[in-house]
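The primary structure of each chain is shown beneath.
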Amino acid sequence: MALNLVQKIISEHLVTGEMMPESEVGIRIDNTLMHDATGQMAMIQFEALGLSRVRTKRSVVYTDHNILQIGFENMDDHHFLSSASRKFGLHYSRAGNGICHQVNLERFSVPGETLLGADSHTTMAGAVGMLAIGAGGLDIALAMAGEPFYMIMPKVLKVNVEGMLRAWSSAKDVTLEIIRRLTVSGGRGKILEFAGDGLETLSTTQRATIANMSIECGAFTAVFPSDDVTRQYFVAQDREADWCEFQADVDANYDEEMTVNLSEIEPVVARPHSPDNVAPVKAEEGLPIHQVAIGSCTNSSLEDMLRVAAILRGYRVPSEVSLVVAPGSRQVLMDLAKLGALGDLLSAGARLVETACGFCNGVGQAPRSGGVSLRTSNRNFPGRSGTADAHLYLVSPETAAVSAIHGRLTDPRNFGDSVAVELPEKFTIDDRMIVPPAPEGEEVEIIRGPNIAALPRFEVLPDELEGELLLALGDNVTTDDILPAGTHILAKRANIPAIAKYIFSNIDPEFSERAQAVGTGFVVGGQNYGQGSSREHAALAPRYLGVRAVIAKSYARIHKANLINFGIIPLELIDPADQKKLTLGDRLRLSKLKVAVREGLNIGVENLTNGLTVKTKLDTSPRLRKVLLAGGTLAYAVTGGDRN
Ligand code: MIC
Ligand code: SF4
């Protein structure tokens, strides 16, 4: 049978289930990735599984998110992660070595393999033909323990790429156009598989920009074929031995198709506060800007940075604009220095910051009050920059650089001739910032500072839950809404009681105290509840505060899995109009839960305040029903899990 790329990888890695629509498949995970925002908790959970070494081919921890040392917590986290990596057989990429997805692409990606990452933009490795999926930290811990990763067999949406980008149109414009068409939820349940003649005109890092943002339309991930363009990238990384050709069969079938003609792509901008709020740059041209931030895993490759440097060469940004540049990796930074481009950036007035996530998730570089920030990153959710009332606009590096020169949002086509950049035949290879694991059997002590707290334990699901409706929200609640980004909160990622204080703090600063006082609580949402990041803390900390069920119209995939992992029931309203029957402060009761969860029956939510009952369902696999009954995945796994 002719297979597409997704079917090829899944069938090669299939452990349980059948590749049939709607059915649950379990796949073997070759590689895992985590970082210093999600890795602490994942590592603590891996320890709880009681294994002495990871069972994957390769597992890597990156230090990139939580790098601003505002107190002892960050370094406590780093020492914990580096010592545990040495002990358990993981590689450890040190602070300053770069953003996880960029370094992974450069040094660890392998076509045709699977990668599970505790970060939603793990999808970026799909650029070289990996099946690269973001998940919660607990799923990564289980994959490191050799357990399969379970998912409902995704639909495959073929994206036919035709034509060739015109001058000043960029891979970022392509990905924003796809998100505009699909919206932030249109990709749910699907994998985007790229094909077509236009692909040969896109470099590996351009493909990476597109794969990176596939999560922003709610898709599982994106996959590109591995072809001669990919081979050249591996040659430049001195890793040709890791490359192999990987193509879909000619007659492969797809569930859905869409076409993107590169020749028709224009420079676009995603306006506040959602990546799908996309318009042509022309429509917003002239908007005064206060900050331009170039970097993040989406757009920080050498190719992007060289283009930015070439645009800025000989210019100086106006005094009212703060230009921030964060190269994606140490390799990129070293090559920028070697090629002289760093000088162009600096003499244009760029503020060079550490090769890390930085401004992208509110770790430094917060814009001024009410400021307009033009960013090459992938999310412009409210508050993400660290300034509650800032306006974030997402653009390509080209649009960002040209606009920085003008102090206003500017269509880069006004700049004149396009700038050509030449990439070196070989990138600078220096892996000394990646610390290998200790040889098996060597004694390694785990360094555990006071910031590394014990894992909370949760009891099995009771037959009845009665409590208060703590918060009633609308559509597209993001994980940044549930647990905000930013330096101070990030530093507490290894400490659930400490981080729980910040749950929903941007929406309702009293939430945490109220929830704890009430004991048992519920949250109501609209469509696509929990979109955005993979941070499991957005489920784990609410559970710690006593949230036992969320009632929403629909969920984003990773967050729904995280809710189940920590024993919060993700209920779906059968009639979406019933949302209005549930209001803040109502007393709710769920009865006969055990049988309903076990058998997959509809669950009535009794509203004791207004006397109405709202019908909900629990749309999940039989295996996950058992997980919920056990009180969450960890409890399920340590009591024998699927082997029972
Ligand atoms: C993000 O871009 O939102 C993050 C910060 O990288 C998160 C990870 C986290 O919150 O720990 C993600 O994308 O998963
Ligand atoms: Fe880091 Fe931003 Fe990429 Fe998340 S989206 S991994 S915070 S650079």
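Located above this text is the structure these notes cover.
The written sequence of each chain sets the order in which its residues are numbered from 1. In the order they appear in the text, chains get letters beginning with A and ligands get numbers beginning with 1. Local features in this predicted model are restricted to residues of pLDDT 70 or higher, and side-chain atom pairs are both shown and tallied only at a pLDDT of 80 or more, whereas totals for entire chains, interfaces and linings draw on every residue. By convention in this description, side-chain values take in all heavy atoms of the structure and omit both hydrogens and water.

> Can you walk me through the pattern of salt bridges in this structure?
Opposite charge on two side chains permits them to pair, given that their charged atoms come into close proximity. Salt bridge, as used here: a side-chain nitrogen of Lys or Arg that lies within 4 Å of a carboxyl oxygen of Asp or Glu. One pass over the full model with this rule turns up 36 salt bridges. For Asp411, the salt bridge is made with Arg413, and the minimal N-O distance between the two is 2.7 Å. Here the salt bridges share partners, and the residues they tie into one network are Glu266, Lys282, Glu285, Asp411 and Arg413.

> Can you help me understand the site of ligand 1 in this one?
Nearness is judged by heavy atoms alone; a residue qualifies as near a molecule or strand once a single heavy atom is within 4 Å of it. Not every one of the 14 residues close to ligand 1 is listed here, only the nearest: Asp119, Ser120, Arg493, Ser534 and Arg535. Between N or O atoms, a polar contact is any pair within 3.5 Å; within protein, one atom must be a potential hydrogen donor and the other a potential acceptor, and residues adjacent in sequence are included only when both atoms are from side chains. At a separation of 2.7 Å, an oxygen atom of ligand 1 approaches a polar side-chain atom of Arg493. Note that an oxygen atom of ligand 1 is positioned 2.7 Å from one of the backbone N or O atoms of Ser534. Protein chains bury 96% of the 340 Å² of accessible surface belonging to ligand 1 in isolation. Each residue is assigned to one class: nonpolar for Ala, Val, Leu, Ile, Met, Phe, Trp, Tyr, Cys and Pro, charged for Asp, Glu, Lys and Arg, and polar for all the others, Gly among them. For the shell around ligand 1, the residue count by class is 1 nonpolar, 8 polar and 5 charged. Calculation of accessible area relied on Shrake-Rupley with a 1.4 Å probe; when residues are assessed, cover is drawn exclusively from the protein chains displayed.

> Just to check I follow, could you spell out helix H19 (residues 557–565) for this structure?
Side chains that are three or four residues apart share a direction in an α-helix, a result of its 3.6 residues per turn. Partly exposed describes any residue whose relative accessible area lies between the buried limit of under 20% and the exposed limit of over 50%, with all areas from a 1.4 Å probe on protein chains only and scaled to the type maximum. Where helices and strands are cited, they refer to DSSP runs of H or I of at least four residues and of E of at least two residues respectively, numbered from the N terminus. Burial analysis of H19 places 7 of its 9 residues in the buried class, which makes it a mostly covered element. After H19 finishes, the residue Gly567 shows a positive phi value of roughly 75 degrees.

> I keep staring at the sheet that holds strand E6 (residues 114–117) and nothing clicks. Help me out?
Sheets are built from strands that pair by backbone hydrogen bonding, the pairs being arranged parallel or antiparallel. Taken together, the 6 strands give an open sheet; going across it, the order is E7-E6-E3-E4-E5-E20, and neighbouring strands pair in mixed fashion. Edge positions in the open sheet fall to strand E7 (131–134) and strand E20 (434–435), since each of these has one partner strand only. In short, DSSP must find at least two bridges between two strands for them to pair. As paired elements, strand E3 (residues 31–35) and E6 share 3 bridges and run parallel to each other. Paired with Thr32 across the strands is Leu116, a residue of E6.

> I keep staring at the sheet that holds strand E8 (residues 149–152) and nothing clicks. Help me out?
Judged by pairing direction, the sheet is antiparallel, and its 3 strands sit side by side in the order E1-E2-E8 without closing on themselves. Single-partner strands in this sheet number two, and they are strand E1 (14–16) and E8. Across the sheet, the axes of successive neighbouring strands diverge by a mean angle of 45 degrees, strand direction being ignored. Pairing geometry for E1 and strand E2 (residues 24–27), over 2 bridges, is antiparallel. Bridging from a neighbouring strand, Leu14 pairs with Ile27 of E2. Where helices are involved, their axes are fitted lines through C-alpha atoms of the stretch in contact, as for all axes, and angles between N-to-C directions lie from 0 to 180°.

> Would you mind showing me how to read the packing of aromatic side chains here?
Two numbers describe a pair of aromatic rings. These are the distance of the centres and the angle of the planes. By convention, a stacked pair of Phe, Tyr or Trp rings (six-membered ring in the case of Trp) has centres within 6.5 Å and planes under 30 degrees apart, an edge-to-face pair has planes over 60 apart, and any other such pair is tilted. Scanning the model with the defined rule gives 8 aromatic pairs in all. Taken together, a centroid distance of 5.7 Å and an interplanar angle of 75 degrees make the contact between Trp168 and Phe415 edge-to-face. Of this pair, Trp168 sits in the loop between strand E9 (155–162) and helix H6 (171–182) while Phe415 sits in the loop between helix H13 (397–406) and E20, and the two are 247 residues apart along the sequence. Judged by its relative accessible area of 7%, Trp168 is buried. Since its relative accessible area comes to 21%, Phe415 is described here as partly exposed. Criterion for a charge above a ring: Arg CZ or Lys NZ at most 6 Å from the ring centre, at most 35 degrees from the ring normal. The side chain of Arg623 reaches across the aromatic face of Tyr150, ending 3.4 Å from its centre.

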